[in-house]
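# Residue-level structural notes
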Amino acid sequence: MTKPATTTQPAAAIPAQPGPREVTDAAPGPARDDMAPESGTDGSTVIPGAGPAAPRPGERATVRLRDTGEDEPPRYAPEWLQLREPADADARSDELLDPLRIRLANLPGRPGGGLVVHDIGCGTGSMGRWLAPRLDGTQHWVLHDRDPYLLHFAAVASPRSAADGSHVTVETRRGDVARLTSDALAGASLVTASALLDVLTREEVVALAAACAGAGCPALLTLSVAGRVELTAPHPMDEEITEAFNAHQRRGGLLGPDAVTVAAEVFSEHGATVRLNPSPWRLGPEQAALTEQWLRGWVGAAVEERPDLARRADAYLAERLAACEAGELRVVVHHTDLLALSRPVDGSA
């Protein structure tokens, strides 16, 4: 299939107020003090929630995975999600889009009906900004997240047009991915998520796969951590930090770097055809701000997992940050994208 020409949309600016969009149930939460940048111990500015590590024990992704009280803080600040959006867009696998387009074109009831896309754990909506302009036809996006503050940003900055110029509309739903069912996905054409699988447990992935299978809709789940990092030039501590970070990602039964393997297995058990493709971040001097924040989170999680690393890790981080500032550091953070083509509920296609 010939792929329509597309351009990567720039990361959307964080809006202050909603615009005149077709949005329902999108009441924004007020800006909170805990979203403001903080000062690190070395006097640097650190975005709360930046990097791959939770800043405080017990914090989870922005989709609430289980009931832990209404005052649960979000894991990610909008500033961090905005900072990583261009790298995410460059990394996501275009190779998975053609098989997805073929499936969507052959969904029962699709001709003339448009698409309904559920974006799970949408954050500020970067997945929609990347994918909607790459798909033809009228689209209605249902944005799911636990944080109303992020849902506000996602709704305001959502794309307006599909690849062929068709209209794109959006609504938001504040909810819990652990409670997602096939009934909640009734009428869905596609389920998407970005950087979500690795902060789920096996039970939660099973529930997600069952919901998609029950609704007969495919799932495009991008940017799951693969547990591998490459830094230039290699350093003796690279492997030690990586192993400690991966162990941190598995805390509390989370899948971390095992997520894609488990998800592929679970979706296959539900009858889906699964395709995997690498989607690495490739960070160089042009992404220095993102690299700095990622480094601090990556090393910080490793030290939280193994406090005995603290002294050596401080020196390691200082060395890596100096190389980043000098424009000498290049990093490849490996991720994997997963496309699960569940059988349509009527058994066709």
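See the structure printed just above.
Residues numbered from 1 in each chain as written. Predicted model: local features only at pLDDT ≥ 70, side-chain atom pairs only at ≥ 80, totals over all residues. Heavy atoms only, no water.

## A short note on the nonpolar core
Most often, soluble globular proteins keep nonpolar side chains buried together rather than apart. Where we set the bar: Only buried Ala, Val, Leu, Ile, Met, Phe, Trp, Tyr and Cys residues count toward a nonpolar core, and they belong to the same one when joined by side-chain atoms within 4.5 Å. Think of it in three bands: with a 1.4 Å probe and only protein chains considered, a residue is buried below 20% of the maximum accessible area for its type, exposed above 50%, and partly exposed in between. For helices the rule is a DSSP run of H or I covering at least 4 residues; for strands it is a run of E covering at least 2, with both sets numbered from the N terminus onward. We call two residues contacting when some pair of their heavy atoms lies within 4.5 Å.
By size, the foremost hydrophobic cluster in this structure holds 33 residues, and its most contacted members are Leu231, Ile241, Trp281, Trp294, Leu295, Trp298 and Val331. Counting only elements with at least two residues in this core, the list comes to helix H1 (78-91), helix H4 (148-156), strand E7 (219-232), helix H6 (238-249), strand E9 (281-283), helix H8 (288-305), helix H9 (310-325) and strand E10 (330-341). Sorting elements by how many residues they give to this core places H8 first, with 7 residues. What Leu295 contacts, discounting residues up to four positions off in sequence, is Leu231, Leu317, Arg320, Leu321 and Leu329. Membership of the second largest hydrophobic core comes to 31 residues, among which are Ala211, Cys212, Val262 and Ala263.

## As for the packing of H1 against H8
Here is the rule we go by: Between the N-to-C directions of two axes lies an angle of 0 to 180 degrees, each axis being a line fitted to C-alpha atoms and, for a helix, fitted only over the stretch in contact. The scheme is simple: roughly parallel for angles under 35 degrees, roughly antiparallel for over 145, roughly perpendicular for 65 to 115, oblique for anything else. It is the rotation of the near helix from the far one that decides the hand of a crossing: anticlockwise by less than a right angle makes it left-handed, clockwise makes it right-handed. Amino acids are sorted into nonpolar (Ala, Val, Leu, Ile, Met, Phe, Trp, Tyr, Cys and Pro), charged (Asp, Glu, Lys and Arg) and polar (every other residue, Gly among them).
At a closest axis distance of 10 Å, the pairing of H1 and H8 adopts a crossing angle of 120°. Between H1 and H8, the interaxial angle falls into the category oblique. Read as a crossing pair, H1 and H8 show a hand that is left-handed. The segment H1 lies against H8, with Trp80, Leu83, Arg84 and Ala87 engaging Ala289, Leu290, Gln293 and Trp294. When its residues are assigned to classes, the contact of H1 with H8 shows 6 nonpolar, 1 polar and 1 charged.

## Some words on the pairing of strand E6 (residues 190-194)
Put simply, the rule reads: Two strands pair if DSSP finds at least two bridges between them.
Among the 5 residues of E6, 5 are classified as buried, and the element is accordingly described as predominantly covered. What you see with E6 is no split at all: Leu190, Thr192 and Ser194 on one side and Val191 and Ala193 on the other are buried throughout. Of the pairings in the sheet, the one linking strand E3 (residues 115-120) to E6 comprises 4 bridges and is parallel in character. Bridging from a neighbouring strand, Asp119 pairs with Thr192 of E6.

## Details of the packing of aromatic side chains
Cut-off, in case you're wondering: Any pair of Phe, Tyr and Trp rings, taking the six-membered ring for Trp, is counted once the centres come within 6.5 Å. Such a pair is stacked with planes under 30 degrees apart, edge-to-face with planes over 60 apart, and tilted for the rest.
Overall, the coordinates contain 3 aromatic pairs when judged by the stated rule. Aromatic side chains Tyr149 and Phe153 sit 4.9 Å apart centroid to centroid with 65° between the ring planes, which places their arrangement in the edge-to-face category. With a gap of 4 residues between them, Tyr149 and Phe153 both fall in helix H4, about one helical turn apart. Phe153 shares its class with Tyr149; the two are buried.

## A few points about the pattern of salt bridges
Our working rule: When a carboxyl oxygen of Asp or Glu lies within 4 Å of a side-chain nitrogen of Lys or Arg, that pair is called a salt bridge.
A full pass over the atoms with the stated rule returns 14 salt bridges. Measuring nitrogen to oxygen at the nearest pair gives 2.8 Å for the salt bridge that ties Asp88 to Arg84. Taken together, the residues span about one helical turn, with Asp88 and Arg84 both in helix H1 at a distance of 4 residues. Exposure class is identical for Asp88 and Arg84. Each is buried. Each of Glu240, Arg306, Asp308 and Arg312 takes part in one network of salt bridges that share partners.

## Observations concerning the environment of Gly123
Structurally, Gly123 can be placed in the loop between E3 and helix H3 (126-131). Classification of Gly123 as buried rests on a relative accessible area of 6%. Residues Gly123 and Ala195 lie 72 residues apart in sequence; the distance between their C-alpha atoms is 9.9 Å. In this view, Gly123 contacts Leu81, Asp145, Leu150, Leu151 and Ala154; residues no more than four positions away in its chain are not counted.

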